[in-house]
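Commentary on secondary and tertiary structure
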Amino acid sequence: MKSIVIVGGGVAGTITANYLAMRLREEIREKRVSVTIVSDREKQLYEPGLLYLAFNRVEENDILKDIRYLLDPQLELKIARATRIDTEKSRVELDTGEALDYDYLVIATGSRVVPEEMPGLVEGGHWFYNLDGAKRLRDELAAFRKGKVVISVMGIPHKCPVAPIEVTFMLDEFFKIHGVRKEVELLYTYPINRIFTMETVSELVQQMFEERNIGYKTFFNPVEIDPEKKVIVTLEGEEEPYDLLISIPPHRGSQVIIDSGLGDKEGWVPTDRFTLKAEGYENVYVVGDATNLPVSKAGSVAHFEAEVVAENIAAEIKGLPPTARYFGKAMCFIETGFGEATYIWFDYETPPRLVKPNKFIHWMKLAYNRMFWLTARGML
Ligand SMILES: Cc1cc2nc3c(=O)[nH]c(=O)nc-3n(C[C@H](O)[C@H](O)[C@H](O)COP(=O)(O)OP(=O)(O)OC[C@H]3O[C@@H](n4cnc5c(N)ncnc54)[C@H](O)[C@@H]3O)c2cc1C
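Just so you know, the residues in each chain are numbered from 1, in the order the chain's sequence is written. Totals for whole chains, interfaces and linings use every residue, but because this is a predicted model, local features are given only for residues with pLDDT of at least 70 and side-chain atom pairs only at 80 or more, for both listing and counting. The basis for the side-chain values is all heavy atoms of the structure; hydrogens and waters are excluded.

Some points on the packing of helix 1 (residues 11–23) against helix 11 (residues 359–376)
For helices, the fitted axis covers only the stretch in contact; all axes are lines through C-alpha atoms, and the angles between them, taken along N-to-C directions, range from 0 to 180 degrees. Secondary structure elements are taken from DSSP: a helix is a run of H or I of four residues or more, a strand is a run of E of two residues or more, and numbering for both begins at the N terminus. Interhelical geometry of helix 1 versus helix 11 gives an angle of 50° and a closest axis separation of 8 Å. For the element pair helix 1 / helix 11, the angle class is oblique. Counting all contacts with helix 1, which are made through V11, T14, I15 and N18, the residues of helix 11 involved are F372, T375 and A376. Polarity classes work like this: nonpolar for Ala, Val, Leu, Ile, Met, Phe, Trp, Tyr, Cys and Pro, charged for Asp, Glu, Lys and Arg, and polar for all others, with Gly in that last group. Looking at the contact of helix 1 with helix 11, its residues break down into 4 nonpolar, 3 polar and no charged. Should an angle fall under 35 degrees it is called roughly parallel, over 145 degrees roughly antiparallel, and 65 to 115 degrees roughly perpendicular, with every other angle called oblique. Note on contacts: a residue pair is in contact if any heavy atoms of the two residues lie within 4.5 Å.

See the structure below:
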């Protein structure tokens, strides 16, 4: 029997698992193949929903779903933390003491925020990039009516490159709705020489920031937060005061990648950009945020990558040539407030082009938010 082990029960892990179940239905039923997914959480979090939770527009239960509900019944789920991946023995060790041998391994361990790695940030700042952070920010925003809000991106790469822009536009509208926009100064900061990595997006967003009286600073790399003085200290020697700091904290790959010596120093797995195999391994694939690829850390990327990985593993098991390739395809909606949105499509060769924000795209985004669980189940 061939065994496939997937580590990580986020969107990348569940879509890959469900696609494998579809492509290998007969083989699994006849017990020629097993697919096991290892997740250290019982529930999957729909992370794009955190943006809306911070503004009290969705509740916690709307964006959490039991992973069992998302998986095809033929798949095996183990709720456990993988503590070590031993590629020489083709084995995954779990914190339960159990070990899983594999013929094919899919690493889908995602990314995590590490606010504790920025001195003073835990004491002096906020973020919405995990559930606890988004809930704390929601409560803070509900009471905030006057002062300077700094939205600061504290390193690249981070999940959903457009989310900091979205939250800035949503803050602008949020304070307008509450009649206090004139009392609130908004400042957005970004680490490189423009306000977004992609030039075409950067130009339009910069223009929209200017129209909405949103300030911005580039080449802004925080190294420390002083929670007493409420000041951000930067590598460039600036000291930026704030009343409310909304950060995009530094990101890292999963601890198991670092502990198993499979990643670079930040924990991203070196990955072939077309085959999605971990570099140097024939039977180890990487999907979603866990890769070191120069593509967005986005759910849509995880989705498109999962198709390629599932197709190639299924082909190899069936004795067919594994010819599917990933060409960097990504798609992101961009909320420009609470009533309009735009979107971008791009791949390794094609830069994104923005369409003018409109209501229709915003409604599509809201509809997609509701339908997301069908995507996680591999049905959309
Ligand atoms: C605020 C916000 C807004 C976003 N908006 C969008 C958007 O609009 N569109 C979009 O496409 N993307 C968006 N994203 C990005 C998207 O959510 C992520 O790119 C996506 O969740 C990545 O999926 P993943 O499965 O690779 O990783 P994750 O979702 O991080 O899942 C990895 C899973 O693996 C588990 N895991 C890690 N290590 C282990 C281990 N050792 N053992 C067992 N389990 C382990 C983790 O606990 C986690 O459950 C947004 C993200 C945020 C934070």
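That covers the picture; the talk isn't over yet.
Overview of the side chain of S202
Topologically, S202 is positioned in helix 8 (residues 199–211). What qualifies as a polar contact is a pair of N or O atoms within 3.5 Å, subject to a donor-acceptor requirement within protein and to the restriction that residues adjacent in sequence count only when both atoms come from side chains. Here the side chain of S202 touches I195 through a polar contact of 3.3 Å, landing on its backbone nitrogen. With sequence-adjacent residues up to four places away left out, S202 is seen in contact with R194, I195 and F196.

Re the packing of helix 1 against helix 10 (residues 299–317)
The interhelical angle for the contact between helix 1 and helix 10, taken along N-to-C directions, is 35°, at an axis separation of 8 Å. Judged by the twist between their axes, the crossing of helix 1 over helix 10 is right-handed. Across the interface between the two elements, V11, A12, I15, T16, Y19, L20 and R23 of helix 1 pack against G299, A302, H303, A306, E307, V309, A310, E311, I313 and A314 of helix 10. For the contact of helix 1 with helix 10, the per-class residue count stands at 11 nonpolar, 3 polar and 3 charged. In this scheme, a crossing is called left-handed if the near helix is turned counterclockwise away from the far one by less than a right angle; it is called right-handed if the turn is clockwise.

A short note on the packing of aromatic side chains
Note on aromatic pairs: the rings of Phe, Tyr and Trp (six-membered ring only in Trp) are paired at centre separations within 6.5 Å, and the planes decide the class, stacked below 30 degrees, edge-to-face beyond 60, tilted for the rest. Within this structure, the stated rule accounts for 16 aromatic pairs. Geometrically, the ring pair formed by Y46 and W373 is edge-to-face, given 6.3 Å between the ring centres and 65° between the ring planes. Here the residue Y46 occupies a position in the loop between strand 3 (43–45) and helix 3 (49–53), and W373 occupies one in helix 11, the gap between them amounting to 327 residues. Comparing Y46 with W373 shows no difference in burial state: the two are buried. A network of ring pairs unites the aromatic residues F55, F144, F174, F175 and F338 as a single cluster. Taking NZ or CZ as reference, R23 lies 5.4 Å from the ring centre of Y19, over its face. Note on exposure labels: buried denotes an accessible area under 20% of the residue type's maximum, exposed denotes more than 50%, and partly exposed covers the range between, all computed with a 1.4 Å probe on protein chains only. Any Lys NZ or Arg CZ that is within 6 Å of a ring centre and within 35 degrees of that ring's normal is treated as a charge sitting over the ring.

Notes on the sheet that holds strand 5 (residues 76–79)
One open sheet holds the 5 strands; their spatial order is 5-2-1-9-19, and the pairing between them is parallel. The open sheet has two edge strands, strand 5 and strand 19 (284–286), and neither has a second partner. Across the sheet, the mean angle from the axis of one strand to that of its neighbour is 20°, orientation sign disregarded. As defined by bridge partners, strand 9 (residues 104–107) adjoins strand 19 across 3 bridges and the pair is classed as parallel. Bridge pairing links L105 to V284 in strand 19. At least two bridges found by DSSP between two strands are what make those strands a pair.

Regarding unusual backbone geometry
The omega torsion across I156 and P157 is 5°, close enough to zero to call that bond cis. The residue P157 is located in the loop between strand 11 (147–153) and helix 7 (163–177) in this model. Despite not being glycine, K31 shows a phi value in the positive range, around 60°. Here K31 shows up in the loop between helix 2 (25–29) and strand 2 (33–39). On the accessibility criterion, K31 (64% relative accessible area) is exposed. Even without being a glycine, C160 presents a positive backbone phi close to 40°. Inspection of the secondary structure puts C160 in the loop between strand 11 and helix 7.

Digging into a nonpolar patch on the surface
There is a patch of nonpolar side chains on the surface, built from F360, W363, M364 and L366 and spanning about 430 Å² of accessible area. The residue F360 is located in helix 11 in this model. The exposure class assigned to F360 is exposed, which follows from its relative accessible area of 55%. The patch calculation keeps residues exceeding 30% relative accessible area without a salt bridge and links them within 9 Å when they carry like charges or within 5 Å when they are nonpolar (Val, Leu, Ile, Met, Phe, Trp, Tyr). All accessible areas in this document rest on Shrake-Rupley with a 1.4 Å probe, and a residue is counted as covered only by the protein chains that are shown. Between Lys or Arg on one side and Asp or Glu on the other, a salt bridge is scored when a side-chain nitrogen of the former is within 4 Å of a carboxyl oxygen of the latter.

Description of the site of the ligand
In these notes, residues near a molecule or strand are those with any non-hydrogen atom within 4 Å of it. Of all residues adjacent to the ligand, which total 32 residues, the nearest are D40, E47, S254, D289 and G299. Contact distances for the ligand include 2.8 Å between an oxygen atom and a side-chain N or O atom of D289. Protein contacts shield 93% of the accessible area of the ligand, which totals 1,000 Å² for the unbound molecule. Residue assignment for the shell around the ligand shows that the elements contributing at least two residues are helix 1, strand 2 and helix 10. When grouped by side-chain class, the residues that make up the shell around the ligand number 13 nonpolar, 11 polar and 8 charged.

Some words on the sheet that holds strand 15 (residues 231–234)
Strand order in the open sheet made by the 3 strands is 14-15-16, with antiparallel pairing throughout. Of all the strands in the sheet, the pair left with one neighbour each is strand 14 (222–226) and strand 16 (239–241). Each neighbouring strand pair of the sheet contributes to a mean axis angle of 25°, computed without reference to strand direction. The sheet contact formed by strand 15 and strand 16 spans 3 bridges and is antiparallel. Of the residues in strand 16, the one forming a bridge with V233 is E239.

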